[in-house]
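Structural overview for review
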Amino acid sequence: MKQTIPRQLMLFTAAGLLLTVWAFPVIWGILTSFKTERDVLAYPPVWIFTPTLDNYRAVLSGADSILPNLWSSIVVSSTATLLTMLFAVPAAYAIARLKYPGKQTSGFYVLVTQMLPPVGLVIPYYLVLQRIGGLDTYSGLILIFMTFSLPFAIWLMVSYFEDIPLEMEEAALLDRAGRLRALWYVILPQVRGGIAVTTIFVFLNSWNEFMFSVLLGGNRVRPVTVAMFNFISVEQTQWARLAAAAIVAMAPVILIGLAAQRHIVKGLTVGAVKGGGRR
Amino acid sequence: MTQRGSIRIEGAVKKHDQLTVLHGIDLDIKAGEFFVLLGPSGSGKTTTLRVLAGLESLSAGKVFMDDEDVTSKEPGERDVAMVFQSYALYPHMSVQDNIAFPLKMIGQNQSSRNLAAQQAATKVNIEHLMDRKPGQLSGGQQQRVALARAIVRQPRLFLLDEPLSNLDAKLRLETRIELRKLQRSLNVTTVYVTHDQEEAMTLADRVAVFMEGKIVQIDTPRNIFARPATLTVASFIGSPPMNLLAAQWQGSTITFKNGGRLQIEQSTASAREVIFGVRPSDLAPSAEGVSATVELIEDLGDNVIVALLVDQQPIKMKLPHTQLIKENETIKVSCQPSTVHLFDPLTGQRL
């Protein structure tokens, strides 16, 4: 396509507008996190102010520290992600490649849980967890996270497996690899990118999760998304500290996003072009 | 000396749901033979190859290798190597690792499998490419890697699925010759699938011609060309294909619809309808024979294809040079009695 000057100008204008809309709350949040509570509530808003690190000090140490909550988030998200991938990769391979009774429908039922609104599931989940003593425990929350991350991960991984030509595997079988070694030596190395992308998506989904965490967690297991609301109380809202906590909670997400940007875009377009997903 | 690699297929039937792909195939392939499965697409030749590889199971029938029943054996247990049409190289491995992969799977140590990979690569002239990845190779080089991966293990049977079809014309001819030499020097039974009759003719010790899930003829390339068993084989083998004309046969005389007559060697007691066949290269202009109108003369340099009309039916004649024929003139053509093929118009069988 020809890159004419007016065309480029239009593209940059559109991109700039989108970026402003997207970035405004983030920038506002960053600014707020460096303000005193006085400056936050000043009207009209002040743009020039003396930055303070007090808010970060408060959310990272002392009575209001969110560090334990960050730790909770890390434990829940990483464990849920690890377990999810451990089950999703073989399951997706089976759906993509093996013949077994009920194959047609099983692929569909994997996605059924994704079709229900989460808010409709939270009460049954609460009752189940209550009965098995899983409320406000790491294992309980991880289990619930997996109910939505596992189907999503399987669905995404299936498309990566289906992208690999069948002959590749047949060649490995004839080379005496057998199914498991064909999977290990020939298939898995070729879906490494897919595994990375899926892992990132699953981790981010778990990290950002709020509703299940707030209703099924508690004082012992309180991920950072929930803990931020410590700064909102009936008497007052500590906006500056809330903003600082939010920035701290967002940091890992943004870092992962930047590091894996290239993979993620590739992962989103997989299947769009035949054979375009691989290398 | 009894050599490894004799193959036998008995009554092989393959059904995909309602569709029958193989209607009872019988094959007997000798050890060390270069055996070509030839046929148009969808004729069941690739399915037969995959049955030999163990990648497809049979609905009925048996497969024997060295007199051992391998029908229910897994692909890895059959000691066969295959070159796929797409080559199916492992894209994340170097050429070296691709070739050595079958040896790694049988537990050979690194130094001995690297040595074997090096030797296999040398046989197909890619020893200088060992550190590359398949994505960095040309089509011809990829094809050689696939070959090297097949020969490195010294299996009892090579299966090749249209291995030359993704190469350009010039490379295809060169590779064809090398392939034949390689097979001779390794002396491993080879089953080769192609739809290209020229490949089949030049490579094969014997050819099985497939049509619609059945084998219609198994013979040497020479015999298949000289004595095609059916009308379909006759029209499939040879370029340009055999001329086929409806005619009357009585005694040892063939009478064409336009009144032209030819004497042949065979004779019949009662008059009957036949399909008369003659190769374009066996036809020649003559003083006596069947009259035909010259439609078009195609000069190919070393020979000339003359398109003729006999009683509104197009036929072709292949001549060494133009001689004195001009377009639009009517000439007489005939052939030696020994070069005539006769087929039953109803069954298509050779008479």
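Scroll up a little and you will see the structure.
As a starting point, this report considers the structure included with it. (Residues numbered from 1 in each chain as written. Chains lettered and ligands numbered in written order. Predicted model: local features only at pLDDT ≥ 70, side-chain atom pairs only at ≥ 80, totals over all residues. Heavy atoms only, no water.)

With that settled, consider the layout of surface pockets. A water-sized probe, rolled over the atoms, reveals where empty space remains. The space that makes up the largest pocket amounts to roughly 890 Å³. Looking at the largest pocket, it is lined by 29 residues, and the ones nearest its centre are K99, E170 and R179 of chain A together with L55 and E56 of chain B. By residue number, the principal contributor to the lining of the largest pocket is helix α8 (residues 166-174) of chain A, which donates 4 residues. For the lining of the largest pocket, the per-class residue count stands at 8 nonpolar, 7 polar and 14 charged. (1 Å grid on protein atoms, 1.4 Å probe; cavity = no way out; pocket = protein on both sides within 12 Å on 5 of 7 lines; lining within 4 Å. Points joined across faces, edges and corners; volume = space filled by probe spheres on them. Helix = DSSP H or I, 4+ residues; strand = E, 2+ residues; numbered from the N terminus. Nonpolar A, V, L, I, M, F, W, Y, C, P; charged D, E, K, R; others polar.)

The packing of two helices is summarised by the inter-axis angle and the distance between the axes. Residue and element names in this part refer to chain A. For the pair helix α7 (residues 138-162) and helix α10 (residues 192-208), interaxial distance at closest approach is 10 Å and the crossing angle is 160°. Between α7 and α10, the angle falls in the class roughly antiparallel. The two elements α7 and α10 cross, and the hand of that crossing is right-handed. Across from F145, S149, F152, A153, L156, M157 and Y160 in α7, the residues of α10 making contact are G194, I195, V197, T198, F201, V202, N205 and S206. (Axes fitted to C-alpha atoms, helices over the stretch in contact; angles between N-to-C directions. Parallel < 35°, antiparallel > 145°, perpendicular 65-115°, else oblique. Left-handed = near helix turned anticlockwise from the far one by under 90°. Contact = heavy atoms within 4.5 Å.)

Next up on the list: the pattern of salt bridges. Using the criterion set out here, one finds 24 salt bridges over all chains in the structure. The salt bridge involving R176 of chain A is made with D79 of chain B; its shortest N-O contact spans 3.7 Å. Taken as a pair, R176 of chain A in the loop between α8 and α9 (178-187) and D79 of chain B in the loop between β5 (68-69) and β6 (80-83) lie in two separate chains rather than in one. Its relative accessible area of 28% is what places R176 of chain A among the partly exposed residues. Given the relative accessible area of 14%, D79 of chain B is considered buried. E174 of chain B is paired through a salt bridge with K170 of chain B; the nearest N and O atoms lie 3.2 Å apart. Taken as a pair, E174 of chain B and K170 of chain B lie in helix α5 (residues 169-186) at a separation of 4 residues, close to a single helical turn. Taking relative accessible area as the criterion, E174 of chain B reaches 35% and is therefore assigned partly exposed. (Salt bridge = Lys/Arg side-chain N within 4 Å of Asp/Glu carboxyl O. Buried < 20%, exposed > 50% of the residue type's maximum accessible area, 1.4 Å probe, protein only.)

Residues and elements named next belong to chain A. Counted under the stated rule, the structure contains 15 aromatic pairs over all chains. With centroids separated by 5.3 Å and ring planes inclined at 45°, the aromatic side chains of F34 and Y56 adopt a geometry described as tilted. Of this pair, F34 sits in the loop between α1 (5-33) and α2 (37-41) while Y56 sits in helix α3 (residues 54-60); the two residues are 22 residues apart in sequence, bridging distant segments of the chain. A relative accessible area of 27% places F34 in the partly exposed class. Under the relative-accessibility criterion, Y56 is labelled buried at 14%. (Phe/Tyr/Trp six-rings, centres within 6.5 Å; stacked < 30°, edge-to-face > 60°.)

The next thing to look at is the pairing of strand β11 (residues 243-256) of chain B. Residues and elements named next belong to chain B. Where β11 meets strand β12 (residues 261-278), 11 bridges bridge the pair, whose relative direction is antiparallel. Pairing of L244 across the sheet is with G277, part of β12. Hairpin connection between β11 and β12: a loop of 4 residues separates the two successive antiparallel strands, and G259 in this loop has a positive phi of roughly 95°. (Pairing = 2+ DSSP bridges.)

With that settled, the discussion passes to unusual backbone geometry. In this structure, P44 of chain A follows Y43 of chain A across a cis peptide bond, with omega equal to -5°. Topologically, P44 of chain A is positioned in the loop between α2 and α3. Cis geometry is found at the peptide bond from S239 of chain B to P240 of chain B, where omega equals -5°. Within the secondary structure, P240 of chain B is located in the loop between α8 (231-236) and β11. Positioned with a positive phi, D66 of chain B is a non-glycine residue whose angle comes to about 50°. Structurally, D66 of chain B can be placed in the loop between β4 (60-65) and β5. For D66 of chain B, a relative accessible area of 26% gives the class partly exposed. Phi angles above zero are rare outside glycine, and N187 of chain B is one such case at about 55°. Residue N187 of chain B is classed as partly exposed on the basis of its relative accessible area of 37%.

This part takes up the side chain of T268 of chain B. Residue and element names in this part refer to chain B. Of note, T268 is situated in strand β12. Reaching out from T268, the side chain makes a polar contact with the backbone oxygen of S270 at a distance of 3.1 Å. Those residues in contact with T268 that lie beyond four places of it in its chain are W249, Q250 and G251. (Polar contact = N/O pair within 3.5 Å; in protein donor to acceptor, adjacent residues only side chain to side chain.)

Counting residues in each nonpolar core, the largest one holds 62 residues, and the members touching the most others are F161 of chain A together with L159 of chain B. By residue number, the principal contributor to this core is α7 of chain A, which donates 8 residues. Apart from residues lying up to four places away in sequence, L159 of chain B is in contact with L49, L52, A53, V80, A81, M82, V83 and V191 of chain B. Listed in part, the 44 residues of the second largest apolar core include V152, Y192, L203 and V233 of chain B. (Core = buried A, V, L, I, M, F, W, Y, C linked by side-chain atoms within 4.5 Å.)

Read these as geometric descriptors, not functional statements.
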